[in-house]
Amino acid sequence: MKYLVTAQEMKQYDKNTIEYLGIPGPVLMERAALAAEDFLKERFDAVKERTKVLIFAGMGNNGGDGLALARLLAADGYAVAVKCVGDMQRATKQWKSQWQTLQHFPVKTDSNIAVDEYNVIVDALFGVGLSRPVEGNYADAVKEMNKAEGFKLALDVPSGICSDTGRVLGCAFLADVTVTFGFCKRGLVLYPGAEYAGEVRTANVGIGQESFLGQEPEMYTYEKGSVQLLKRNAAGNKGTFGKALLVAGSNGMAGAAILAAKAAYRTGAGMVKVITAEENRQIIQQGIPEALYGSCRQLTESLDWADVIAIGPGIGREEQALQCLKTVVERSRKPLVLDADALNLLAEENGRMLAEELRAQGAEGRVILLTPHVGELSRLLKRTTSECKDDLPACAKILAKRFHAVAVAKDARTVVCKEQGACYLNTTGNSGMATAGSGDVLTGVILGLLAQGMDAPEAATCGVYLHGMAGDLAAGLHTEYGVMAGDIAECLIKNQNKKA
Ligand SMILES: NC(=O)C1=CN([C@@H]2O[C@H](COP(=O)(O)OP(=O)(O)OC[C@H]3O[C@@H](n4cnc5c(N)ncnc54)[C@H](OP(=O)(O)O)[C@@H]3O)[C@@H](O)[C@H]2O)[C@@H](O)CC1
Ligand SMILES: [K+]
C-alpha cells in the first residue's frame, strides 16, 4: 500500500516531524535536496562536464529546497545557476538562511542568465504551498522553463499543479521527472497533474508513519505486485467459489451480459447465472456456454439461489428493467453491485422510492456497491459532470455516505470510497480501457471476487486494480488504440502481480 497525501496532510506531517519528533526543518530540507541531487547524479554523473543546471526558485520552502540543491551540486562540481522569482523580502526564514549559505559557493545568481545555455531545468517555484493561480512573473517563469529544451525536474510538485486535485492552476511546469518528498501527493497521480509530473520518484526525507500521530492519510493506492487474491481452497467445488447472479442485457444488449459473466468466471467465481431478456437466450448460450441462463420471470427464484448479485450492464431504462431492479432491491438482502442503467434508473424520478429503500437497506447493513462512471455519478448526485470530474474523491465519498455503500467512481483514475475511512485511488490501466464494455467487465470482476467471499471494500479495490492490470496487459498485446473490452476480460488475472 502506498499513501497519497493532500497539501494539508503533508504540512501537518512536516510540522509533526519538526515539533513532535524533534527533527529540525533544515535537516528535512537538506535531505530533500540530497534526494534530488542523488537523482540528478544518477542521470547525469557520466556527463557531468557537459551538464549545466538552472534552478528556478520561488520564495517559499520549495525555493529553499532549490537553493540547497544548487549548493550541493556546485560543491560536487556541476555548473549551476539560480534564477530567483518573487520578492526576497517576503521569503521564508529557511529560504533566507539557504540564500546566505549559497553565497559561499560558485553558483551564478545574477540577472543575466541565458536559459538556453542550460540542459537541466529544475522547477523549485512552488510545492505544496501553492495557494492560487500562477500569474505575472511566476507565469512567465513557468513558460520560460517549459520552452527550454533541457531535461526537466520538478521538486516536490510541478509548479502550478494543485497538490490535492491535480488541476492546473493558471499554468504549470511540464516535468520529465518529479522527485516528491515524504509522501506522494494526490495531484501527482490524478490527471492532468500526473501528465505534468512525468515519472514520479518519492524520496524518504525523514517524514514517515511516525509523523502521522494518529492521523493517517485519507487516500492510498496499491503498488504493483501488492494485491493478494483469496487463497483458493484446493479441495473446493464450484459451490465453494460462489454463486454469482448477474442481471444484465436487454434485447439487443447481450454483449454486456456476456462480458460481465466472462469476467466473473475469469476472476474465479464458481457459478455464474445470467438473467436477461428472453431474446438473448441463444446468443448468451453461444457466447458463454459456461453460464447458467434465466429469463426475467425466473428472477425471484434466482435471487434465492445466488450468494451475490449484480445488476445493470445493458439493462436499459425501460419498464422491464425497472421491475427487475425493484425485485432485486425488495426481494433480497444479499450483497448487491449496481452498475450502469441500474444507477441511471435510481437517479430518475420513478426510481426515487427505490433509491430511498436501498439507502435504508444500506443503513441496516446490506452490502451495496455502486459503480458509476462520471456521467452516472453526476446524475445520482445531481451535479454537473465537471464538478464530479474536478473532485472525484469528494463526490465518491458523498455517494458512499448517501447509500451507506462502497462507491466505485470510474474515470481515468478510478476512486473507491467507503462511508468511513481512507479512499483508494487506482493507478493501473490506460486510455485503451476507455472503450465500450470496459465497465461491464469491471462489474463482473467485482462480482466474481464477492462470490468468492472477499469483503466488499476489498473486492472493489482489488477488482479495480485487477481490471486495470488486465487493461495494461491487453494494451501490451493490442496497443492502447486496439484494446476492446473482450481483450480485458481475456487478460484477467494473468500476471496480475507483475511489477511495473
Ligand atoms: N516544512 C519543511 O520543513 C519541509 C518543506 N519542504 C519543501 O517546502 C515546500 C513547502 O514550502 P512552503 O510551505 O513554504 O510553500 P511553497 O510551495 O514553497 O510556496 C509558498 C510560497 O508561495 C507563495 N505562493 C503560493 N501560491 C502562489 C501563487 N500562485 N503566486 C505567487 N505566490 C504564490 C506563497 O505566498 P503567500 O500565499 O504566503 O502569499 C509562499 O510565499 C514543500 O513543497 C517542499 O518542497 C521540504 O524541504 C521538506 C521539509
Ligand atoms: K516545484
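The residue count restarts for each chain, going from 1 along the sequence in the order it is written. Just so you know, chain letters begin at A and ligand numbers begin at 1, following the order they were written in. This being a predicted model, a pLDDT of at least 70 is required before a residue's local features are given, and a value of 80 or more before pairs of side-chain atoms are given or counted; all residues contribute to the totals for chains, interfaces and linings.

> If you had to explain the UniProt feature "domain: YjeF N-terminal" (unreviewed entry) in the chain to someone new, which residues and values would you point to?
UniProt positions are given in the numbering used here, feature names are shortened, and annotations may be inferred rather than shown by experiment. Under the UniProt annotation, the feature "domain: YjeF N-terminal" (unreviewed entry) is placed at residues 10-213. Overall, residues 10-213 shows 35% helix and 17% strand. The separation of its end C-alpha atoms is 13 Å. The helix count covers DSSP runs of H or I at least four residues long, the strand count covers runs of E at least two residues long, and both are numbered beginning at the N terminus.

> Which residues make up the site of ligand 1, and what are the values?
Near ligand 1 there are 27 residues, and of these G60, N61, N62, G127 and G129 occur at the shortest range. At the level of secondary structure, the elements contributing two or more residues to the shell around ligand 1 comprise α2 (25-44) and α3 (61-75). Residue classes follow a fixed rule: Ala, Val, Leu, Ile, Met, Phe, Trp, Tyr, Cys and Pro count as nonpolar, while Asp, Glu, Lys and Arg count as charged, and any other residue, Gly among them, counts as polar. Of the residues contributing to the shell around ligand 1, the split by class is 13 nonpolar, 10 polar and four charged. Nearness between a residue and a molecule or strand is assessed with a C-beta atom placed from the backbone; a distance within 6 Å qualifies.

> I'd like a rundown of the sheet that holds strand β2 (residues 52-57), residues and numbers included.
Here the rule is simple: two strands pair whenever DSSP picks up at least two bridges between them. Reading across the sheet, the six strands line up as β3-β2-β4-β5-β6-β8 and stay open at both edges, with parallel pairing between neighbours. The strands lining the two open edges of the sheet, one partner per strand, are β3 (79-84) and β8 (199-203). Each strand axis lies, on average, 20° off the axis of its neighbour in the sheet, ignoring direction. In terms of strand pairing, strand β6 (residues 177-181) meets β8 through five bridges, oriented parallel. Bridge pairing links F181 to A203 in β8. Sheet contacts for α2: β4 (120-124), β5 (151-155), β6 and β8; angle to β6, the most-contacted strand, approximately 150°. Angles shown run from 0 to 180 degrees and are taken between the N-to-C directions of axes, each axis being a line fitted to C-alpha atoms and, for helices, limited to the stretch in contact. This entry defines residue contacts through backbone-placed C-beta atoms, with two residues in contact when those atoms are within 7 Å.

> Pulling in residues and values, what's your account of the UniProt feature "binding site: AMP" (unreviewed entry) in the chain?
Listed under "binding site: AMP" (unreviewed entry) in the UniProt record, and renumbered for this structure, are K410, D411, A412, R413, T414 and G439. Sequence-wise these annotated residues cover 30 residues; spatially they are packed, their C-alpha atoms never more than 13.5 Å apart. In this structure, A412 sits in the loop between β16 (406-409) and β17 (415-417). By the element assignment, T414 lies in the loop between β16 and β17. Not counting the four nearest positions on each side in its chain, T414 is found in contact with V408, A409, N426 and V464.

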